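One letter stands for each residue in the lines below.
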Amino acid sequence: MQRYVIPIILIALALVAPAVVYPVFLMKALCFALFALAFNLLIGYVGLLSFGHAAFFGGAAYITAHTVKVLGWSPELGILAGVLAATAMGVVIGALAIRRQGIYFAMITLALSQMVYFYALQAKFTHGEDGIQAVPRLPMFGFIHIHNDLTLYYVVLAIFLFGFWIVYRTIHSPFGQVLKAIRENEPRAISLGYNVERYKLLAFVLSTALAGLAGATKSIVFQLASLTDVQWQMSGEVVLMTLVGGLGTVFGPVVGAFVVVTMQTYLAEYGEWVQVIQGVIFVIVVLLFRRGIVGEILALWRRQRPAPAVAPAPAE
Amino acid sequence: MSTLFGVSTQALFGQLLLGLINGSFYAMLSLGLAVIFGMLNVINFTHGAQFMMGAFVAWMILNWFGLPYWAALVIAPIVIAAVGIVLERLFLRRLYHLDHLYGLLLTFGIAIIIEGLFRYQFGSSGQAYDNPIPGGQNLGFMFLPYYRGWVVAVSLAVCLGTWYVIERTKLGSYLRAATENPALVQAFGINVPRMIMLTYGFGVGLAALAGVLAAPMQNVSALMGTNLIVVVFAVVVIGGMGSIMGSIVTGFALGIVEGFTKVFYPEASNSVIFVIMAIVLLIKPAGLFGTAR
């Protein structure tokens, strides 16, 4: 039973949170938390640093915004279209990127995502600098009226929990164990007979589909898909969120996303300084707190309780 | 007017020259990245920001101190190299024992700090920098602005000079040895940490020199480096970082390919290098001049 205590408390908190906190802020944080979870699936559990995840986040946002606004699809179909688009992009970009490792993988994903950015800049349906604005919040499944922020919040929370559940199941499955084996020692995983490339590609595609789900949901919440979503700065932001929260921890990306989104909200009036402060946090975390907030807490926890009988929400 | 492949030769060679100019920058920047990666095992994400700072230092010493372009050509790389050496000593050095990815993340953080500070100070729109060698020469088949010819010449000279030093001199042999096996080279009494520090300074200085060369041709702006560096990363993936000459050749060649694309299919000119990268990854994943590592 004990292992359910923390999740139940967290979900209860999430259910009552809009009574205290502005729902739009919570929805933004949840979208980015899902985005960071998707990113962390790759860096934290396969050891692949993607510097191009904005392409999937923003690509899905564009497709969802376009299908809902121009084609008049309902939001759930629009989100599905966005996720499928991100998945398809993930298959192509992933198949290319996994041909190299480490630093090259990061550079390749960055370069290919820049190509998606240039496409979004030039294509007609994305409306260039304006983006796709005023995406209508049509009823979901015909009866959920998401034009109300509070209703939409619970929809976003459900989507987030669905994404979280997928990530959690993935990393605690035999498939996830193989991914961790690849992260720890790729040549050994190969020699044990695992088709490493296929595992990496599957993890990559799963990650891009979830990043797409985050971006698609974001475009419904903010009724907007714009170039900001596909820019490399966005890829950098998701790296920052995951790093601040803790690479390779289950809750790290969520904590990191809330910290970074909170910071952006409070510092929004200072303009360029937000970027400078984000850079400073990057440097500080890389130099001093490589385990991130959740990673440090877990390390502290383990030091105080050397052998817990029941590990609450294991980190990996 | 004479034509070639259905395009006027003036336009064709004009774009070719522009491509060669871009290629000069790709070559200088990817060379710097390759040299730094060889010694430090760090992909220097700050490279674009250092390129931009080089251009800004040139602009500052012209507008604040009244020193001409020719002085900037010497002073800016030295200033930026010095700043780079401080970065290396204070921060980068602490990460050598970790996964390479942390070096990338650290330099990314530094890059966005620098870019943010320059945007805060100077805005996103550019500052003009006067062309130090105005005018040009009509060669019959094309018009050659003197300054563009100068940029290509300087870049070629610097790249080949670097290649010569690394591949053909005693100092270069120490450097190559330290790239292969730093512990052994250190055991022979060579100060490897200092060599690493100076290598970083040199690579960064190259980026700053490229920035000074670029200043009179485009507006000096805070954003000039970041978009360029993403393309240079693709260039590095295509060439592979194993070979100095490989970086130089790939850089120039891709610039020229990009120039041709601008003539024949302008819509693709932004992405042609990325497409080539995808093709190279399919055919020869280690890069044209790379060895798998």
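Our subject is the structure that appears above.
The sections below set out a description of the structure shown in this document.

Cut-offs used in this document
Residues numbered from 1 in each chain as written. Chains lettered and ligands numbered in written order. Predicted model: local features only at pLDDT ≥ 70, side-chain atom pairs only at ≥ 80, totals over all residues. Helix = DSSP H or I, 4+ residues; strand = E, 2+ residues; numbered from the N terminus. Rg over C-alpha atoms; globule rule 2.2 N^0.38 Å. Contact = placed C-beta atoms within 7 Å. Buried ≥ 20, exposed ≤ 12 C-beta atoms within 10 Å, placed from the backbone. Nonpolar A, V, L, I, M, F, W, Y, C, P; charged D, E, K, R; others polar. Expected span 1.5 Å × (residues − 1). Core = buried A, V, L, I, M, F, W, Y, C linked by C-beta atoms within 7 Å.

Concerning the overall build of chain A
Here is step 1: Looking only at helices and strands, chain A has 14 helices and zero strands in total.
Here is step 2: Going from the N terminus to the C terminus, chain A shows its helices and strands as α-α-α-α-α-α-α-α-α-α-α-α-α-α.
Here is step 3: Computed over the C-alpha atoms, the radius of gyration of chain A is 19 Å, within 12% of the 20 Å expected from 2.2 N^0.38 for a compact globule of 316 residues.
Here is step 4: By its C-alpha atoms, chain A is 55 × 45 × 40 Å across when sized along the principal axes.
Here is step 5: Relative to all contacts within chain A whose residues are 6 or more apart in sequence, the contacts with residues 24 or more apart total 76%.

Let's talk about the overall build of chain B
Here is step 1: Counting its regular elements, chain B contains 11 helices and four strands.
Here is step 2: Its C-alpha radius of gyration of 19 Å places chain B within 12% of the 19 Å reference for a compact globule of 293 residues.
Here is step 3: Referenced to the eigenvectors of the C-alpha coordinate spread, the extents of chain B come out at roughly 65 × 50 × 35 Å.
Here is step 4: Taken across its 293 residues, chain B has 51% of its residues classed as buried.
Here is step 5: Restricting to contacts in chain B with at least 6 residues of sequence separation, those with at least 24 account for 76%.

A look at the interface of chain A and chain B
Here is step 1: Counting from both sides, the interface comprises 33 residues of chain A and, opposite them, 32 residues of chain B.
Here is step 2: Contributions of two or more residues to the side of chain A that touches chain B are made by α5 (102-122), α11 (232-245) and α13 (272-288) of chain A.
Here is step 3: By residue number, the principal contributor to the side of chain A that touches chain B is α5(A), which donates 13 residues.
Here is step 4: Among the residues forming the side of chain A that touches chain B, the class breakdown is 22 nonpolar, seven polar and four charged.

Structural notes on helix α3 (residues 54-69) of chain A
Here is step 1: For α3(A), built from 16 residues, the straight-helix expectation of 22 Å at 1.5 Å per residue is met to within 8% by its first-to-last C-alpha distance of 22 Å.
Here is step 2: The buried fraction of α3(A) amounts to 15 of the 16 residues, a majority that puts the element mostly inside the structure.

Here we look at the nonpolar core
Here is step 1: Counting residues in each nonpolar core, the largest one holds 203 residues, and the members touching the most others are A33(A), L34(A), F35(A), M107(A), A111(A) and M277(B).
Here is step 2: A per-element tally of this core places helix α1 (residues 9-40) of chain B first, with 18 residues.

Purely spatial values, then, with no claim about function.
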